[in-house]
Each structure stands twice: as C-alpha cells, then as structure tokens.
Amino acid sequence: MSDTTQDRIWWFAVDQQKSGPYTRAELQEQARQGRFGMNDHVWHNGLTEWMPARDVPGLWQSAGLQPVADAAPPPAPVGWSPSAAPLAAQGTQRMGFITAVQTCLRKYADFSGRASRSEYFWFLLFYYIVALPAALLLSEEQATALTLLSAVAVLAFSLPMYAVGARRLHDTGLSGWWQLLHVFSIIGSVIVLVLTLRQGEPGSNKYGPPLI
C-alpha cells in the first residue's frame with residue numbers, strides 16, 4: 001500500500017489505547033505534540049502486527065525529534081513480537097470487568113472498530129446484572145419511581161450493549177447487522193452467541209486495525 005501524506009492508514013497505541021487513522025503528516029504532528037513517544041507502537045494498513053514507533057523510517061527526524069539509542073522500550077503490546085509471529089498465535093490482551101465496562105460506556109454509541117471477546121462478554125454480564133433486577137421490578141403491577149428508574153437504566157445500557165456487539169462481530173469479520181437475529185427467536189440469539197465466541201481475525205480487516 002502506498003505511503004503518502006494523503007493516505008489515512010496510520011494508527012498509534014499508547015497504554016493499549018489506539019488512536020487513528022492518520023495520514024503520515026498527521027502522525028508526525030501527533031508525535032511532535034507528544035501524543036505518543038518513540039517507545040509506543042504504531043500500525044498501518046498492510047502490517048500484520050504493531051511495530052515500535054522508533055522503527056518508523058524518518059518519522060522522528062521529520063517531527064523534529066531524534067531517537068535515543070540507549071533508551072529501553074517498555075513491554076510491547078500483547079500480540080506484538082519482533083519475530084513477526086501472527087497476532088492470532090499471540091492473542092490479544094484480556095480486559096478485566098471494570099476496564100470493559102468503562103471502555104463500553106466511553107464508546108457509548110460507537111458501532112465502528114473492533115472489540116475483543118473479554119470486552120464484549122464482561123459488558124454482557126454487566127448488562128444482565130442491571131437488566132435482571134430491572135425486569136423483576138417492571139413485572140410489578142404498581143408503577144413506582146424505582147420501577148421507572150429501572151426501565152430507564154435498561155434502555156440506557158441497551159445502546160452500548162448493541163454497540164459493543166457490533167464491534168465484537170467486526171473483530172470476526174462480520175457485519176454488526178447479524179445482531180438482528182436476536183429479534184426472531186431464541187435460535188437467532190444462540191447463533192449470535194456462537195458468532196461472538198469466534199476468535200477475531202488476525203491482522204487488519206475492513207473494520208479496522210488488529211486489537212492489541
């Protein structure tokens with residue numbers, strides 16, 4: 001793939017958080033502003049793995065910075081190795097419960113990009129922790145303030161639930177529209193469950209760069 005300043009093919013990752021896509025010129029500007037450093041990692045379309053930012057030819061000189069030869073880099077993102085082993089063999093970092101909930105709420109209505117299995121299933125657990133008690137309250141005949149609050153909570157968390165579901169399917173190379181199978185029958189829900197359990201595609205796909 002061509003590497004011109006007009007192609008938005010570049011991403012960078014700091015503390016497992018990705019940002020992009022950028023053109024080459026925009027990436028240099030991000031480096032100049034200190035958004036990421038030489039010891040962080042970058043990726044562009046065509047790569048199967050993230051690479052250390054210090055190894056991008058000409059990036060730091062163009063940004064007016066010079067690499068420090070004796071600086072020790074931090075641990076690489078999970079899924080990266082200098083031997084260029086496939087990401088599928090290395091695996092991606094597993095999110096914890098709190099991190100997954102925070103990530104999904106931050107990406108409240110973000111149906112783009114990709115999500116790991118741990119991100120999806122931890123938030124699914126959180127959703128049911130909220131939804132099941134709410135369903136019991138909603139089954140009461142007498143409407144109360146708590147009942148109404150429960151209904152609002154379920155509706156509020158439904159959007160990020162479908163958003164992370166779309167991102168999880170994207171990670172496997174499928175469209176988020178597969179979630180519509182939920183509305184047909186329990187068999188449709190089982191099919192969606194099986195699809196979300198699949199391992200994500202190694203490397204990039206049409207929905208974004210590989211997870212780190």
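The structure contained in this document is the topic of the report that follows. On a predicted model such as this, the values are computed, not experimentally measured, just so you know.

Here we come to the overall build of the protein chain. Along the backbone of the protein chain there are seven helices and four strands. Mapped from its N terminus to its C terminus, the protein chain presents α and β elements in the order β-β-α-β-β-α-α-α-α-α-α. Across the 212 residues of the protein chain, 38% fall into the buried class. Pairs at least 24 residues apart make up 61% of the contacts formed inside the protein chain by residues separated by at least 6 positions.

Spatially, S2-S1-S3-S4 is the arrangement adopted by the four strands of the open sheet, whose pairing is antiparallel. At either margin of the open sheet sits one strand with a lone partner, and together these are strand S2 (17–22) and strand S4 (51–52). Pairing geometry for strand S1 (residues 10–14) and strand S3 (residues 41–44), over four bridges, is antiparallel. Bridging across to S3, Trp-11 finds its partner in Trp-43. Each of S1 and S2 touches helix H1 (residues 24–32); the most contacted strand, S2, lies at about 135° to it.

Okay, the pattern of salt bridges next. Taken as a whole, this structure holds five salt bridges when the rule is applied. We note a salt bridge from Glu-119 to Arg-167, for which the minimum N-O separation is 2.9 Å. You can see Glu-119 sitting in helix H5 (residues 117–138) and its partner Arg-167 sitting in helix H6 (residues 145–171), a full 48 residues away along the chain. Note on accessibility: Glu-119 and Arg-167 belong to one class, buried.

This part is about the packing of aromatic side chains. Per the counting criterion, the structure on display carries nine aromatic pairs. Pairing Tyr-120 with Phe-121 gives two aromatic rings, centres 4.8 Å apart and planes at 80°, and the pair type is edge-to-face. Of the residues examined, Phe-121 reaches a relative accessible area of 22% and is grouped as partly exposed. Arranged with centres 5.5 Å apart and planes meeting at 35°, the rings of Phe-123 and Phe-126 form a pair that is tilted. Of this pair, Phe-123 and Phe-126 are both found in helix H5, three residues apart, which corresponds to roughly one turn of the helix. A relative accessible area of 0% means that Phe-123 is categorised as buried. According to the relative accessible area criterion, Phe-126 is buried, its value standing at 16%. In this structure an aromatic cluster arises from ring pairing among Phe-97, Trp-122, Phe-123, Phe-126 and Phe-157.

Right, let's get into helix H7 (residues 186–197). Compared with the 16 Å implied by 1.5 Å per residue over twelve residues, the 17 Å span of H7 between its first and last C-alpha is a close match. Among the residues of H7, Gly-188, Val-192, Leu-195 and Thr-196 are the ones counted as buried. The buried residues of H7 all sit within an arc of 95° when viewed along its axis, so they share a single face. Counted as exposed and oriented over 90 degrees from the buried face of H7: Ile-186 and Ile-187. A side-chain oxygen of the first residue of H7 lies 3.2 Å from the backbone nitrogen of Ile-187; this N-cap is Ser-185.

Here the bond from Gly-20 into Pro-21 is cis, since omega is 5°, no more than 30 degrees from zero. Within the secondary structure, Pro-21 sits in strand S2.

For the rest of this paragraph, the subject is the environment of Leu-195. Position of Leu-195 relative to the elements: it lies in helix H7. Of the residues examined, Leu-195 reaches a relative accessible area of 13% and is grouped as buried. Ignoring sequence-local partners within four residues, the contact set of Leu-195 consists of Leu-169, Thr-172, Leu-174 and Trp-178.

Here we take up H1. Those residues of H1 that fall on the buried side of the exposure criterion are Arg-24, Leu-27, Gln-28, Gln-30 and Ala-31. In a view along the axis of H1, the buried residues occupy a sector of 155°, so they form one face of it. Phi turns positive, to about 80°, at Gly-34, one or two residues after H1.

About the thresholds
- Residues numbered from 1 in each chain as written.
- Predicted model: local features only at pLDDT ≥ 70, side-chain atom pairs only at ≥ 80, totals over all residues.
- Heavy atoms only, no water.
- Helix = DSSP H or I, 4+ residues; strand = E, 2+ residues; numbered from the N terminus.
- Buried < 20%, exposed > 50% of the residue type's maximum accessible area, 1.4 Å probe, protein only.
- Contact = heavy atoms within 4.5 Å.
- Pairing = 2+ DSSP bridges.
- Axes fitted to C-alpha atoms, helices over the stretch in contact; angles between N-to-C directions.
- Salt bridge = Lys/Arg side-chain N within 4 Å of Asp/Glu carboxyl O.
- Phe/Tyr/Trp six-rings, centres within 6.5 Å; stacked < 30°, edge-to-face > 60°.
- Expected span 1.5 Å × (residues − 1).
- Arc of directions from axis to C-beta.
- Polar contact = N/O pair within 3.5 Å; in protein donor to acceptor, adjacent residues only side chain to side chain.

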